[in-house]
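Each chain, letter by letter, is given below.
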Amino acid sequence: MMANCPNCGKKLPWWYIKAECNKCGVSIPNYNWIERLEEDNINAEKSFEGFYKTLNRVQYSLFGTKLRIARLVLTFLPAFAFLFPWASVKGGTNCFDLALLSFTGGKSAIDVIMQLFSNSSLLFDHMRFENYAGPVTFITVSVIFYFLTVLFIVFAFLLNIIKCAKPKTKSTVIFDIISILLSVVSVTLFSAAASLGADLTAFTVGDISAIGISGGFSWGYIPALILFLAATGINIAVAVAPAKSDEALETARVARYEAKLAKERENEIRKQKEREEAAKAYEEEQKHIIAEAKKKVAEQKAKNSNKINKGKK
């Protein structure tokens, strides 16, 4: 592999290790180093500009306005919706709750999805037995849509960061709407599983059996849907609200930085003044102590002198 001298352009073989060109004698590593240093500085400034621009956008997307702070809160609130039972399939031996955790002693969505991973062959056998149109199929598919709802809600939040360069993006709204549709499908299938199970004597999801089936739609989906709609509404409000430009955000960042430096300088001046005042007070105190000591010494000398004079008389 050949290289060229940056000054004269002579081709240098790959094994050439000298620092100077053997034709023009220029130092190859140090050639044009001032211009290269300036170029590195320009590139570094551009990198910092890009970094600050991204940082400004992320901060503005998450906390830039009261509306965006409210969106951040309403984005996390739907997490509590998954603690409520959206639907239930009740049985004499086991019950199934469409929730992350079952507080009634039944099997939760996590228990069902674990069956999909640990007993998949048995689970699919039961699904084939009912021609993929029975309670086992509906419960399994419902739980899959349930976790897809969780996934799309998480994506909707991450898009606030990923798409921060476009503060008026509607992608979060789209993901919110998809998550709502997924939740509706999940609740519908789970409720249908209860209806289908009621016509059967028993069914088994993996190795979890249930007999004497009843159940259906549960109250927990109502607050969950309200939270989902609230999150969607706030994302729509943010998408249509005015947004600051990159220049305005950078101006605000610089202003905050300068205000911070000014405050630090004020604190340093105040501390320096306090140190000077403390030193001055200490000096005055020392002068007072020395003056008192001299006064006492003078008084003692006067007393001694009087005693000597009285003795002579």
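Residues numbered from 1 in each chain as written. Predicted model: local features only at pLDDT ≥ 70, side-chain atom pairs only at ≥ 80, totals over all residues. Heavy atoms only, no water.

Colleague: Even after reading the chapter, I still don't get the overall build of the chain, so can you show me in this structure?
Modeller: The secondary structure content of the chain amounts to 8 helices and 7 strands. Against the 2.2 N^0.38 benchmark of 20 Å for 313 residues, the chain shows a C-alpha radius of gyration of 39 Å, more extended than a compact globule. The buried share of the chain, taken over its 313 residues, is 29%. Restricting the contact set of the chain to residue pairs at least 6 apart, pairs at least 24 apart contribute 66%. The average position of the 39 basic charges and that of the 29 acidic charges among the side chains of the chain differ by 10 Å. (Helix = DSSP H or I, 4+ residues; strand = E, 2+ residues; numbered from the N terminus. Rg over C-alpha atoms; globule rule 2.2 N^0.38 Å. Buried < 20%, exposed > 50% of the residue type's maximum accessible area, 1.4 Å probe, protein only. Contact = heavy atoms within 4.5 Å. Lys, Arg positive; Asp, Glu negative; His and termini not counted. Charge placed at Lys NZ, Arg CZ, Asp CG, Glu CD.)

Colleague: Just checking my understanding: could you explain the sheet that holds strand β4 (residues 96-97) for this structure?
Modeller: Pairing between the strands of a sheet is mediated by backbone hydrogen bonds and can be parallel or antiparallel. Read across the sheet, 3 strands follow the order β4-β3-β7 without closing on themselves; strand pairing throughout is antiparallel. Here the strands that pair on one side only, and so sit at the sheet edges, are β4 and β7 (214-217). Here strand β3 (residues 87-90) runs beside β7; their pairing, made up of 4 bridges, is antiparallel. Within the sheet, the bridge partner assigned to V89 lies in β7 and is G215. (Pairing = 2+ DSSP bridges.)

Colleague: Honestly, the packing of aromatic side chains in this entry has me stumped. Any pointers?
Modeller: Where two aromatic rings form a pair, the distance of their centres and the angle of their planes describe that pair. Enumeration over the complete set of coordinates arrives at 15 aromatic pairs. A centroid spacing of 5.6 Å and a plane angle of 40 degrees characterise the contact between F84 and W219, whose relative ring orientation is tilted. Taken together, the positions of F84 in the loop between α2 (66-76) and β3 and W219 in the loop between β7 and α7 (221-240) put the pair 135 residues apart, joining distant regions of the chain. When the ring of F152 is compared with that of F155, the centres are 6.3 Å apart and the planes differ by 70 degrees; the resulting orientation is edge-to-face. One end of the pair is F152 and the other is F155, both in helix α5 (residues 135-162) and 3 residues apart, which spans about a single turn. Judged by its relative accessible area of 36%, F155 is partly exposed. Linked through ring pairs, F82, W86, Y146, F147, F217, Y221 and F228 together constitute an aromatic cluster. Here R253 stacks its cationic end above the ring of Y52, 3.8 Å away from the centre of that ring. (Phe/Tyr/Trp six-rings, centres within 6.5 Å; stacked < 30°, edge-to-face > 60°. Lys NZ or Arg CZ within 6 Å of the ring centre and 35° of its normal.)

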